[in-house]
Each structure stands twice: as structure tokens, then as C-alpha cells.
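# Descriptive analysis of the structure
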There are 2 protein chains.
Amino acid sequence: MTGSGPIFIPKGFKFSAVTAGIKVSGKPDLALILADQPASAAALFTKNLIVAAPVEVGRASLKQSRGRVRAVVVNSGNANCATGRQGIAACKEICRRTSVLLQASASEIFPSSTGIIGLPLPSGKIVSSLKPLLQNAGTSIENLRGFANAILTTDTRPKIASVPLRNGKAAVTGVAKGSGMIHPQLATMLVYILTDVAAPPAQLRAALRNACADSFNAISIDGDTSTNDTVLLLASGASGLQLGAVQREFERALLEVCQSLSEQIVSDGEGVQHVVRLRIEQAKDRSEALQVARAISTSLLVKTAWAGADPNWGRMLAAVGRSGIPISPAKITVLIGDQKVCVGSVARAFDENAAHRELAGPESRITVRLGRGKALLNFLTADLTTEYVKINADYST
Amino acid sequence: MTGSGPIFIPKGFKFSAVTAGIKVSGKPDLALILADQPASAAALFTKNLIVAAPVEVGRASLKQSRGRVRAVVVNSGNANCATGRQGIAACKEICRRTSVLLQASASEIFPSSTGIIGLPLPSGKIVSSLKPLLQNAGTSIENLRGFANAILTTDTRPKIASVPLRNGKAAVTGVAKGSGMIHPQLATMLVYILTDVAAPPAQLRAALRNACADSFNAISIDGDTSTNDTVLLLASGASGLQLGAVQREFERALLEVCQSLSEQIVSDGEGVQHVVRLRIEQAKDRSEALQVARAISTSLLVKTAWAGADPNWGRMLAAVGRSGIPISPAKITVLIGDQKVCVGSVARAFDENAAHRELAGPESRITVRLGRGKALLNFLTADLTTEYVKINADYST
């Protein structure tokens, strides 16, 4: 797991965080990314048909501004979801007030929210905190850490990943929050990736889609899809480097940042004790590999076996069998670590102690071979522990 | 929840159980239903593509015998799944030995197994117990209870439902085991329904399909699908009543038995504290209602909220949003008990204490209105507790 390397601050961005009083805990809950000049932007949003107000507003604003973002304003503690017209109005009001203070257009302010669903957003608290939020903005690593900290909810630690480009002439740096694919009550996956290379939004969008396919779209903590999920990529261009001139290096760096943040999210998942690197091999195509990975990684029986470090491959096999892919049982092989535990869907003698050790560590490897083709997928998931149930059952309104 | 009413033994059947030594606990683990004459039979099997040996053999035998069953031999403690050719051979050997003792055809012996996956079936233990198993067979309620008890695994209680026809001239009586939709390690849903009306297999099959749609196919404990699931309906004809002559009464009785057994299975689900009656209204059709019910009832966040009796409708709304149905958020209404908690996907003031009380009882009612049509579905599901995780994580090979 990464996240501990040096942090590079892409030029052209400032960061800030304050306590607006939304979180009951009194922790920082309002955060800002400020671009010196409107940055070029691309974003991906949740596929859930129930979407939060900031997702609706942010999507429309990006269209209106043609992919230009001056500032990102994030609140934690309230998801502003299922809040109807009032929620949209509150979100727009915050963008408008921010734009006035920055002498920018309201569509250049990108909003995000995460936290409790169905409660009115306390927009007054946010509006009255905007001035100090803007005044505090700075370019230091401390400022970035402040931002990363203020967007958390049930997360136990901030999530930052950073990769330099051209020996430090530019950088790709990402900040994420998320402690499950979704927790509409208390959490959501929000990701902000910044770079100082220069690129039009369409170019950013293509790069972001590719990077997300092998990172944020290939992880699962609990199989739910958020109403607020957002991945935003901003390019300030302040390094003077054109993306086209560093295309390969940029794409590699972007993927590395997205994968590092994905790993940080899964390993900080609610109640997670064991992270599982699930590899689906010999699939016909990628989408079929993803379907099998999701069937395995959302099976309660598989996830609870992992919690007990139990090399119970029968549960995984049963999940493959109901995944909806027209598999031939005689072609299915399952490996725990490097050991084959089941070949042709039939039990095979294996070292149970070694398999138990593989599963008992903080990270383990499971491979499923489908015998259908050449596509492969690396998927990141985790176990389901009593701690997860406690976190999500004991929170009572 | 039913299961406590009087039990009617359909004429033409005997029951028996012995301890063959498969279960480590030393509890009864081999059970028999014996028909005086070959009974007319219909069966439904798991849709999982990974199937246990008895499912393969049972399906082939029913075809070969043209839907005639003389005896059902069930073992618990070993699923005989992922056991390859040896597993098939072991299953056939048991059927062959039983048929010799009964002077019947091997294809008239219907096999079932439930228990641990991937271990060789101890067929020697079973074969040497067949004689006492056949000798013990009787028609008393005690015999039936013995059968119901010997097929259990993680179940905490036997499951029987019984409905008389024509004032007791005939009956429909069912026995089930299951403590989750599937637990390939330790459990599976097996259901045997007996009647003494007379009917050809095709007629039984049609009736069984209909009854299962509104019972066993509308429940979920943990979202997994077994490799061994079997529902078998046997008609001895010993009452002299033709099914055609009591069609409506029979269908109603069959549905009642299936629904009672479904309820008994869900309420005895692993770790279950709260049974939830989930009603999907205003769906376009039944299959779309089922898709929404399954998205809600397999969401970890929803199930853990239920465990905490938390009226967290936002989690249910988010599950509807990702169910794959092209819903209009503005048309979605959610009720907890009789209270609307969310209208048009927007929060609505409600009595949280009353909602909490509704969810805190042994049974609660949740209704989701989709605003898309007139189809409705009653679905039975349950919460996810730390006890479930313990049961399935602490079992270590």
C-alpha cells in the first residue's frame, strides 16, 4: 500500500480547510481547492440514478463552463442528497457566493458534498465560512494535508498520492476520501486529482476514463454504489508542459495515482482486516472478468470466509457459478496465493496451513481462471468483519 | 411465522432417519422418504452452474424414470459438490444399493446432499446405514419429525408445513432445511413436498413452478445461490383424489406450504434478528420488482441498518438507484411500516421513534413504490448481524 511517498504540489493550485460546524465532532468539514487561473477539468460521476445535488450541479456547471474550474468547494458531514429543490438551491447558493468572492463565474465553482443523506444542507454555516476558507488558502504540503483531512467522514486516515513528471518539472497529485464504495449515510468516494500540465478537457477526460477503469472501477468494499461519487481531474497548465508532449509519462503517473488512492481506500475500508488482490484470468473480455470479480467480491459468504482467513474455495466457486457468465465448470481453476486449490471445479489436495497463512496476512492473492479467453483483470477488494456490521448497524438516527 | 400447526401425513409415504456418522456432532445425518408405490414427481434445482453430484444425478434420474420416485435418500454433513467423477460415482452407488434393497429401479431413487463442499462423500458410511434406514421407516408424525431433523445443518430448528385438502381426505405437507439461500460450506436449501393427490409429473411441475415463484424465489438471506438447492414435489395418489378435481384448493395449499417453509427458512437464517417483509409496488412487471427487491435485500448497508433498527431510508433509496431499473427519482416513495419517509426521492418529516419501533420488532414492513406500473411483489428478507459474520468467519478449515 502506498500513500507514504513524497508529495509534489502541482503548480497553480492552493488548498485550504476550515471548521464550518457541519460535523457534530467539531472536526474540519469545509475544504477548498483554488486554481490561480481557471483549470481545465474532466470529471466522472456516480452511475447511481439517485444523485446528490452537488453531482447534478457540478455536471451542469462543467458543461456550461466548457470544462473550466476555478475552485472546488467540498463539505463533509452532509451529503446534500434526497434534499430536492432546496438541496439544489443550497448548492447553487454556495457556488454563487464563492464566485462573487473570487470574481469568477458561478459555473466555474465545482461543488462536492459527503455525509448524512436526507438532511437539509446547512448552507448558512458554509456561506459564512467561505471568506476564512479563501483567506487561508496556500500552496504548502500542510495546506494540502488540511484539505485531505477535512473531506473525510468514516475514513480513519487521509489519502494522498503523488507522482512527479519530467524529474519534477510537473506532477500528478490526487486526494481521495472513501471508506467503502458508498456509505450514503456517512461516507462516499470523492477523488480530486491535480496536475500542472496543460491539456484541454477532452484530452483529460480520455486519460481519466482509462485510468479509472483499472483503479476506481476495479475495487469493491461492500458492493454499493454511491449517490455522490465523484472523480475530478484538474489541469492548471502552470508547468508549461503540454500533455501531448508527455502523454505516456502522464498516463502512467495518472494511473499510478488512481491505483494508489484505490488501494488506500480499500485498505481503509470500514472494518477491513484483509485486503484481497483478486485476479480474474482467461476471461473472454474485460467486462466478463469484471462481472465475475463483482460476484465474488460481493458474496457475503466469500467475504466472511476471508475475514476468518478460511481457505474456503467452495464459496468462491459457487459465486463464479452464479455470476451469470456461461462458464464450463470443467475449465475453472482457483488459486490461493500460488497454490491451486481447485482444478476443473474439483477439489485438489493443497497445503491448508500455507493457504491459511496467505489469507491471514494484511494482503492476500486469489486467482480465478475461467478457461474462456485471454482477458485478465486485477480487482481489489476486502473482507467483511463484525466491525463492519457494528459501524453500520450501531449508527442509529 | 407458521410451522406450529397440526401436521397431516399424506398417505402413501413413510419416513426414517439414522446416524450414519457423517456429521462430526454425532447427530442424525441420513434421512429417507419412502413411497409405497413410485410417486409422481416434479423438481426444481439450483440455477448455479456449479452443481453438486446429487443434483446432476437426481435431474438425470427424474428424466430416465419419467418423473417417478420410489425413495428420497438425503444425507447432511457433506454436500458432495466439487467432488468430480468420484462424487457422481458415490451418489450413483448409494442410489443403486437402495434400489436393490427396495427391488426398484436405480433411477427411481432420488438423492440429496447438504454440508461441506469439496470433501469426498463417505459413501461407505451411507451404504452400510441403508438397511437400518429402510427398516425404521414409518408413517407417524415422529417419523416425519425424525426426517426433518436429520436433514439440518446450521439450522436451529426443523421446518415443516402442512395443509389438509377436502377436510382431511388428502394433504400437502412440506419439509425444508436452509438457514440461508445458500451456504455451500455448511448449508443449502432443500425442500421436499408430499401430497397424496394423484397427478402426472407435468401437472405437478406447473403447480410447483407457480408456487415457488411467490415463495422460495422471493426470499433472500445473503444473496448467494446454492450448488445443491432442490425443491422436490412427490404425489403418491393414495388419497384417490385427482389433482384436476381439487386444482384450486391444491394450488392454494401448495403455495401456503411453500410460503410457510420460506418464512421458516428466513426467520431461522444465520444470525437473523429481524425478518423484513419487503413489498415492491408500482413496478412495470414482476421481474423488475424482483430486481429491485434483490438490490435492496443484498445491500450490506441496508441489511446492517436493519440490524440496528435504523430507519435509514437513504440507503434503500441508493440501492433502488443502482438496481439497473430506469427509475425516475421523482416517482419513488419509500414507506417504513405505514409511514411515508421519502416521497419523490425527497426526505419527508416522519416519526422516527415509530419507524424505529417498526424495525426493532421480529418482523417489519418496508414498501417501495416505483411509479412505473401496476406489478407488485412481496419479498421476504432479513437483517445482517455480527452473528452472521461470526458464524461464517469462525468456521475455519
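Just so we're clear, the structure is a prediction, and the values are computed from it rather than from any experiment.

Residue and element names in this part refer to chain B. Spatially, the seven strands line up as an open sheet ordered 8-15-10-14-11-12-13, and their pairing is mixed. Because the sheet does not close on itself, it has two edges, and the strands there are strand 8 (219-220) and strand 13 (346-347). In this sheet, strand 13 lies alongside strand 12 (residues 339-343) in antiparallel orientation, the contact comprising two bridges. Along strand 13, the bridge assignment pairs Val343 with Val346. Its contacts with the sheet put helix 8 (residues 286-297) on strand 8, strand 10 (275-283), strand 14 (363-369) and strand 15 (375-382), and the angle it makes with strand 15 is roughly 25 degrees. On top of the sheet, helix 9 (residues 300-307) reaches strand 8, strand 10, strand 14 and strand 15; it is set at about 65 degrees to strand 15, its chief contact.

A few words now on the sheet that holds strand 15 (residues 375-382) of chain A. Across a sheet, strands are paired by hydrogen bonds formed along the backbone, either parallel or antiparallel in direction. Residues and elements named next belong to chain A. Spatially, the seven strands line up as an open sheet ordered 8-15-10-14-11-12-13, and their pairing is mixed. If you trace the sheet from one side to the other, it starts and ends with strand 8 (219-220) and strand 13 (346-347), each paired once. Against the sheet, helix 9 (residues 300-307) touches strand 8, strand 10 (275-283), strand 14 (363-369) and strand 15, its axis set at about 65 degrees to strand 15.

Here the focus is the domain arrangement of chain A. Residues and elements named next belong to chain A. Annotation of chain A at the domain level lists domain 1 (13-267) and domain 2 (275-393). On a C-alpha basis, the centres of domain 1 and domain 2 stand 33 Å from each other. Domain 1 puts 14 residues into the contact, and the matching count from domain 2 is 16 residues. When the area that domain 1 buries against domain 2 is broken down by residue, the three leading residues are Ala218, Ser220 and Val266, summing to 36%. Linking domain 1 with domain 2 are two salt bridges. Between Glu263 and Arg277 there is a salt bridge, with its nearest N and O atoms 3.3 Å apart. Counting the contacts that link domain 1 with domain 2 gives seven residue pairs in polar contact (both at pLDDT 80 or more). Element by element, the count of residues in the side of domain 1 that touches domain 2 is highest for helix 7 (residues 247-267), at four residues. Taken together, the residues of the side of domain 1 that touches domain 2 break down into five nonpolar, six polar and three charged.

Moving on, we come to the interface of chain A and chain B. Contacts between chain A and chain B engage 54 residues on the former and 54 residues on the latter. Summing both partners gives a buried area of about 4,400 Å² for chain A against chain B, and 63% of it is carried by carbon and sulfur. Counting across the chain A and chain B interface gives zero salt bridges. Counting the contacts that link chain A with chain B gives nine residue pairs in polar contact (both at pLDDT 80 or more). When contributions to the side of chain A that touches chain B are tallied by element, the ones reaching two or more residues are strand 6 (170-183), helix 9, helix 10 (313-321), strand 13, helix 11 (352-360) and helix 12 (386-393) of chain A. Residues belonging to the side of chain A that touches chain B are distributed by class as follows: 25 nonpolar, 22 polar and seven charged.

In this section: the packing of aromatic side chains. Each aromatic ring pair is summarised here by two numbers: the centre-to-centre distance and the angle between the ring planes. Residues and elements named next belong to chain A. In total, this model carries four aromatic pairs over all chains according to the counting rule given. Here the aromatic rings of Phe45 and Phe110 are separated by 6.2 Å at their centres, their planes lie at 20 degrees, and the arrangement is stacked. Placement of the pair is Phe45 in strand 2 (residues 30-45) and Phe110 in strand 4 (residues 109-116), with a sequence separation of 65 residues. With a relative accessible area of 17%, Phe45 lands in the buried category.

So, about the relation of the copies chain A and chain B. You can overlay chain A on chain B at an RMSD of 0.0 Å; the transform is a turn of 180 degrees with a shift of 0.0 Å along its axis. Put plainly, the chains are arranged around a two-fold axis. Among all residues of chain A, the one whose C-alpha sits closest to the rotation axis is A:Thr386, at a distance of 2.4 Å. Both copies share a contact surface, since 100% of the interface residues of chain A are interface residues in chain B too.

A surface patch of like charges, here positive, comprises A:Lys47, A:Arg205, A:Arg209 and A:Arg294. Mapped onto the elements, A:Lys47 comes out in the loop between strand 2 and helix 1 (53-64).

All names here are of chain A. Mapped onto the elements of the fold, Ala171 is located in strand 6. Assessed through its relative accessible area of 2%, Ala171 is described here as buried. The spacing of Ala171 and Ala253 is 82 residues in sequence and 8.2 Å in space, taken between C-alpha atoms.

Turning our attention to unusual backbone geometry. Excluding glycine, a negative phi dihedral is what most residues carry, and trans is how most peptide bonds are arranged. Non-glycine residue A:Arg166 carries a positive phi angle of around 45 degrees. When you line up the elements, A:Arg166 lands in the loop between strand 5 (159-165) and strand 6. On the accessibility criterion, A:Arg166 (40% relative accessible area) is partly exposed. Positive phi, close to 55 degrees, is recorded for B:Gln282, a residue that is not glycine.

Turning to the side chain of A:Ser112, a few remarks are in order. Residue and element names in this part refer to chain A. Locating Ser112 in the fold gives a position in strand 4. For Ser112, a relative accessible area of 4% corresponds to the buried category. Engagement of the side chain of Ser112 in a polar contact is seen with the side chain of Tyr192, the distance being 2.8 Å. Setting aside anything within four residues of it in sequence, one finds Ser112 in contact with Pro54, Val73, Val74, Asn75, Leu190 and Tyr192.

Another point: the confidence of the model for chain A. Of all residues in chain A, 96% attain a pLDDT of 70 or more, and the chain-wide mean is 91. Looking at the elements of chain A, mean pLDDT is at its lowest for strand 6 of chain A, recorded as 76, and at its highest for helix 4 (residues 130-135) of chain A, recorded as 98.

Before going further, it helps to examine the pattern of salt bridges. Residue and element names in this part refer to chain A. Under the defined criterion, the tally for this structure stands at 38 salt bridges over all chains. For Arg97, the salt bridge is made with Glu93, and the minimal N-O distance between the two is 2.9 Å. Linking Arg97 with Glu93, this pair stays in helix 2 (residues 84-102), spanning four residues, or about one helical turn. By relative accessible area, Glu93 is classed as partly exposed at 24%.

With that settled, the discussion passes to the packing of helix 12 of chain A against helix 12 (residues 386-393) of chain B. One way to put it is that helix 12 of chain A packs onto helix 12 of chain B with a least axis distance of 8 Å and a crossing angle of 170 degrees. When the axis of helix 12 of chain A is compared with that of helix 12 of chain B, the two are roughly antiparallel. In contact with A:Thr386, A:Val389 and A:Lys390 of helix 12 of chain A, helix 12 of chain B contributes B:Thr386, B:Val389 and B:Lys390. Tallied by class, residues from the contact of helix 12 of chain A with helix 12 of chain B come to two nonpolar, two polar and two charged.

This next bit is on the pairing of strand 3 (residues 68-78) of chain B. Residue and element names in this part refer to chain B. Among the 11 residues that make up strand 3, nine are buried, leaving the element largely enclosed by the rest of the structure. The pairing of strand 2 (residues 30-45) with strand 3 spans seven bridges and is antiparallel. Directly across from Leu30, in strand 3, lies its bridge partner Asn75.

Before going further, it helps to examine the side chain of A:Ser267. Residue and element names in this part refer to chain A. Positionally, Ser267 belongs in helix 7. Owing to a relative accessible area of 19%, Ser267 belongs among the buried residues under this scheme. Within the local environment of Ser267, its side chain forms a polar contact with the backbone oxygen of Gln264, the two atoms lying 3.4 Å apart.

How each quantity is defined
Residues numbered from 1 in each chain as written. Chains lettered and ligands numbered in written order. Predicted model: local features only at pLDDT ≥ 70, side-chain atom pairs only at ≥ 80, totals over all residues. Heavy atoms only, no water. Pairing = 2+ DSSP bridges. Helix = DSSP H or I, 4+ residues; strand = E, 2+ residues; numbered from the N terminus. Contact = heavy atoms within 4.5 Å. Axes fitted to C-alpha atoms, helices over the stretch in contact; angles between N-to-C directions. Domains from an automatic or database assignment. Buried area = accessible area lost by both parts, 1.4 Å probe. Salt bridge = Lys/Arg side-chain N within 4 Å of Asp/Glu carboxyl O. Polar contact = N/O pair within 3.5 Å; in protein donor to acceptor, adjacent residues only side chain to side chain. Nonpolar A, V, L, I, M, F, W, Y, C, P; charged D, E, K, R; others polar. Phe/Tyr/Trp six-rings, centres within 6.5 Å; stacked < 30°, edge-to-face > 60°. Buried < 20%, exposed > 50% of the residue type's maximum accessible area, 1.4 Å probe, protein only. Least-squares fit on C-alpha atoms with pLDDT ≥ 70 in both. Patch = residues over 30% accessible without salt bridge, like charges linked within 9 Å, V, L, I, M, F, W, Y side chains within 5 Å. Areas by Shrake-Rupley, 256 points an atom, 1.4 Å probe, with all protein chains shown as cover. Lys, Arg positive; Asp, Glu negative; His and termini not counted. Charge placed at Lys NZ, Arg CZ, Asp CG, Glu CD. pLDDT = per-residue confidence, 0-100. Parallel < 35°, antiparallel > 145°, perpendicular 65-115°, else oblique.

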